[in-house]
Amino acid sequence: MPEQRQAPPDDVICPYVFISDGGSAVRVGGESNASLRYQLTISETARECTALPNGGMTIKVGVQGLALLGPAGGPGTFSSPFHVTIRDGNRILASRSRTVSVTVPRGQTQGEYMFVEDGFTVPPDAMSDNVIIEVGFGRGPSQAAPARSTRRR
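Rules of the game
Residues numbered from 1 in each chain as written. Predicted model: local features only at pLDDT ≥ 70, side-chain atom pairs only at ≥ 80, totals over all residues. Heavy atoms only, no water. Helix = DSSP H or I, 4+ residues; strand = E, 2+ residues; numbered from the N terminus. Buried < 20%, exposed > 50% of the residue type's maximum accessible area, 1.4 Å probe, protein only. Contact = heavy atoms within 4.5 Å. Polar contact = N/O pair within 3.5 Å; in protein donor to acceptor, adjacent residues only side chain to side chain. Pairing = 2+ DSSP bridges. Phe/Tyr/Trp six-rings, centres within 6.5 Å; stacked < 30°, edge-to-face > 60°. Lys NZ or Arg CZ within 6 Å of the ring centre and 35° of its normal. Salt bridge = Lys/Arg side-chain N within 4 Å of Asp/Glu carboxyl O. Disulfide = S-S within 2.5 Å.

When you line up the elements, Thr41 lands in strand 3 (residues 36-51). According to the relative accessible area criterion, Thr41 is buried, its value standing at 15%. Beyond its immediate chain neighbours, meaning those up to four positions away, Thr41 contacts Ser24, Ala25, Gly65, Leu66, Tyr113 and Phe137.

In structure tokens:
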């Protein structure tokens, strides 16, 4: 008898996107605003979830943001480590780090970045209301509680 596959549910509840504590921006320069060279910030987040036949789901995460020049800054390309983590409480289900690079052209005061990370899989045994998506500047997942929700349907 051939194996029967169950169709995925029509509606899947996509986890919230949180910006990790301290991960919303990176400032480079001195202590005062006058010595700020540049700042990288997150301006928008989005996610898309697709149910899998086995009861799990896949997640795609998009992030958009800006590089803003400060009084001591000039045009160029600026970069910082960035992480996207799928977690269930303190249990990390998946995590990826990447480098975000932004170019601010000559004559401009800001530049924009955008990227999409896809292919995250949440197994059926990890499907709970505690699953969240955490994004932020930095090298990896923090153990701190999420700081801000940017839920969209």
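Still more to cover.
What follows covers the side chain of Gln39. Residue position: Gln39 is located in strand 3. Judged by its relative accessible area of 18%, Gln39 falls in the buried class. For Gln39, the side chain forms a polar contact with the side chain of Arg27, separated by 3.4 Å. In this structure Gln39 touches Ala25, Val26, Arg27, Leu66, Ala67 and Leu68, once residues within four positions along its chain are discounted.

Here the focus is the pairing of strand 8 (residues 131-137). Most of strand 8 sits inside the fold, with seven of its seven residues counted as buried. Along strand 8, one buried face is formed by Val131, Ile133, Val135 and Phe137 and the opposite face, lined by Ile132, Glu134 and Gly136, is buried too. When strand 1 (residues 17-19) meets strand 8, the two strands line up parallel, connected through three bridges. Directly across from Val17, in strand 8, lies its bridge partner Ile133.

Let us now look at the packing of aromatic side chains. For any pair of aromatic rings, the description consists of the separation of the ring centres together with the inter-plane angle of the planes. Using the criterion set out here, one finds six aromatic pairs in the structure. Measuring from ring centre to ring centre gives 6.0 Å for Tyr16 and Phe18, while their planes differ by 55°; the resulting arrangement is tilted. The class of Phe18 is buried, set by a relative accessible area of 16%. The ring of Phe120 carries Arg96 above its face, with NZ or CZ at 4.1 Å from the centroid. Positioned above the aromatic ring of Phe115 is the side chain of Arg98, whose terminal nitrogen or guanidinium carbon lies 4.1 Å from the ring centre.

Within the secondary structure layout, Glu117 lies in strand 7 (residues 110-122). We classify Glu117 as buried; its relative accessible area is 11%. Among residues more than four places away in sequence, those in contact with Glu117 are Ile59, Lys60, Val61, Val84, Arg96 and Arg98. At a separation of 3.0 Å, a polar atom in the side chain of Glu117 contacts the side chain of Arg96. Side-chain polar atoms of Glu117 contact the side chain of Arg98, separated by 2.8 Å.

Using the criterion set out here, one finds four salt bridges in the structure. Between Lys60 and Glu48 there is a salt bridge, and its shortest N-O distance comes to 4.0 Å. Taken together, the positions of Lys60 in strand 4 (residues 57-69) and Glu48 in strand 3 put the pair 12 residues apart, joining distant regions of the chain. Residue class for Lys60 comes out partly exposed when judged on its relative accessible area of 33%. A salt bridge links Glu117 to Arg98, with the shortest nitrogen-to-oxygen separation between them at 2.8 Å. Pair noted here: Glu117 is in strand 7 and Arg98 is in strand 6 (residues 91-104), with a separation of 19 residues, a long-range link. Residue classification places Arg98 among the partly exposed residues on the basis of a relative accessible area of 28%. Via salt bridges that share partners, Arg96, Arg98 and Glu117 belong to a single interconnected network.

Moving on: the state of the cysteines. All chains considered together, the criterion is met by one disulfide. The partner cysteine of Cys14 in its disulfide is Cys49, sulfur to sulfur 1.8 Å. The chirality of the disulfide connecting Cys14 with Cys49 is right-handed, given an S-S dihedral of about 70°. Residue Cys14 is located in the segment before strand 1, and its partner Cys49 is located in strand 3; the two are separated by 35 residues in the primary sequence. When sorted by exposure, Cys14 lands in the same class as Cys49, which is buried.

Keep in mind these numbers describe shape, not what the thing actually does.
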